[in-house]
Amino acid sequence: MSEPTRSERTRATILDAAAEVMHAKGMAHATTKEIARVAGYSEATLYKHFADKTELLLAVLAHRFPPFISSLIAMQDQVGQGSVHDHLVALSVDAVAFYRHGSPMLGSLFSEPVMLQRHRDGLRQREAGPMAANRLLASYLTAEQERGRLPSQIDAEAVAALLLGACFQRGFFEAFLNEPEQFPPLEDFARDLVSSLRIDA
């Protein structure tokens, strides 16, 4: 495996700094100036690697959060392979961890309406955002239906919404309460959740 280039090392350092600042201050107060300072670079260097704060956020979500986004993308290549039930259980575990990690920092955006709207606009331009996860999961479920591995009467969009909604709720509750002993083991939660949706394939 080749050594990372200088550009790749710089990008990785910026991502680490952005994740650190976002975790400490929340999205609303994680300015590019502060991220650049923590990374040890100028803001100009930051903008050589990321077009704007939204692009930087999406990169942090993809590469410095628990691997929910990458798991969703990988599922598109797992159609027809393995157990649908097992794929969804693994995804649910990743989703709860992702939402638990992200809820505190992303929630801060709601205290800054102008910044929130700017962030919405940036996500819309990239066809990204929270609903993208539902679309990706629904796409996977539909593909499995087309292969005959899931019943045709299942509403893929509804199942995606129910599964990810339950994962978001548990992740948010865990972050808010900070009392993990109140919750059943995550693997048990994930298996029970998927089974409740009658996904047995």
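All of these numbers come straight from a predicted model, not from anything done at the bench.

Student: Can you walk me through the overall build of the protein in this structure?
Tutor: A count of helical and extended segments in the protein gives 10 helices and zero strands. Shown N-terminal to C-terminal, the secondary structure of the protein runs as helices and strands in the order α-α-α-α-α-α-α-α-α-α. Counting only C-alpha atoms, the protein reaches 55 × 40 × 35 Å along its principal axes. Look at the contacts in the protein between residues 6 or more apart in sequence, and 71% of them connect residues 24 or more apart. On the protein, roughly 11,300 Å² of surface is accessible, and the fraction owed to carbon and sulfur atoms is 54%. Here the protein holds 20 positive side-chain charges and 25 negative ones, and the gap between their average locations is 8 Å.

Student: Any chance you could explain the packing of aromatic side chains here in plain terms?
Tutor: Enumeration according to the criterion identifies eight aromatic pairs in this entry. With a centroid separation of 5.2 Å and an interplanar angle of 50°, the aromatic rings of F68 and F98 are classed as tilted. Taken together, the positions of F68 in helix α5 (residues 68-75) and F98 in helix α6 (residues 84-107) put the pair 30 residues apart, joining distant regions of the chain. As far as burial versus exposure is concerned, F68 and F98 are alike and both buried.

Student: Just checking my understanding: could you explain the UniProt feature "domain: HTH tetR-type" (unreviewed entry) in the protein for this structure?
Tutor: Following the UniProt record, one finds the feature "domain: HTH tetR-type" (unreviewed entry) at residues 8-68. Taken end to end, residues 8-68 comprises 74% helix and 0% strand; its first and last C-alpha atoms sit 23 Å apart.

Student: Quick question: what am I supposed to make of a nonpolar patch on the surface here?
Tutor: Together, F168, F172, F173, F176 and L177 give the surface a local cluster of nonpolar side chains, amounting to about 490 Å² of exposed area. Summarising the element assignment, F176 is placed in helix α9 (residues 156-177). What makes F176 exposed here is its relative accessible area of 63%.

Student: Hey, could you run me through the packing of α5 against α6 in this one?
Tutor: Each pair of packed helices can be described by the angle between their axes along with the distance between the axes. It is at 8 Å that the axes of α5 and α6 come closest, and there the two elements cross at 155°. In terms of orientation, α5 and α6 fall into the roughly antiparallel class. In the packing of α5 onto α6, the handedness of the crossing is left-handed. Contacts between α5 and α6 pair F68, I69, S71, L72 and M75 from the former with H87, L88, L91, D94, A95, F98 and Y99 from the latter. When the residues that make up the contact of α5 with α6 are grouped by side-chain class, the tally is nine nonpolar, two polar and one charged.

The rules behind the values
The residue count restarts for each chain, going from 1 along the sequence in the order it is written. In keeping with the model being predicted, local features are shown solely for residues with a pLDDT of at least 70 and side-chain atom pairs are shown and tallied solely at 80 or more, while totals for entire chains, interfaces and linings include all residues. The basis for every side-chain value is the complete set of heavy atoms in the structure, and neither hydrogens nor water enter the calculation. Helix and strand assignments come from DSSP, with helices taken as H or I runs of at least 4 residues and strands as E runs of at least 2, each series counted from the N terminus. By definition in these notes, contact holds between two residues if any of their heavy atoms fall within 4.5 Å. Per-residue and other accessible areas were derived by the Shrake-Rupley procedure at a 1.4 Å probe size, with only the shown protein chains allowed to occlude residues. By the counting scheme adopted, Arg and Lys are positive, Glu and Asp are negative, and His together with the chain ends is not counted. Lysine's charge is taken at NZ, arginine's at CZ, aspartate's at CG and glutamate's at CD. Each aromatic pair joins two rings of Phe, Tyr and Trp (for Trp, the six-membered one) with centres within 6.5 Å, and gets the label stacked for planes under 30 degrees apart, edge-to-face for over 60, and tilted for any other angle. Type-normalised accessible area, obtained with a 1.4 Å probe on protein chains alone, sets the label of each residue: buried when under 20%, exposed when over 50%, and partly exposed for intermediate values. UniProt positions are given in the numbering used here, feature names are shortened, and annotations may be inferred rather than shown by experiment. What goes into a patch is any residue over 30% in relative accessible area without a salt bridge, connected to like charges within 9 Å or, for nonpolar side chains (Val, Leu, Ile, Met, Phe, Trp, Tyr), within 5 Å. The salt bridge criterion pairs a side-chain nitrogen of Lys or Arg with a carboxyl oxygen of Asp or Glu, the two atoms within 4 Å. As a rule, the C-alpha atoms of each element are fitted with a line to give its axis, helices using only the stretch in contact, and angles between N-to-C directions run from 0 to 180 degrees. Any angle that is under 35 degrees is reported as roughly parallel, and any over 145 degrees as roughly antiparallel; angles of 65 to 115 degrees are reported as roughly perpendicular and all others as oblique. It is the rotation of the near helix from the far one that decides the hand of a crossing: anticlockwise by less than a right angle makes it left-handed, clockwise makes it right-handed. Charged means Asp, Glu, Lys or Arg here, nonpolar means Ala, Val, Leu, Ile, Met, Phe, Trp, Tyr, Cys or Pro, and polar covers whatever is left, Gly included.

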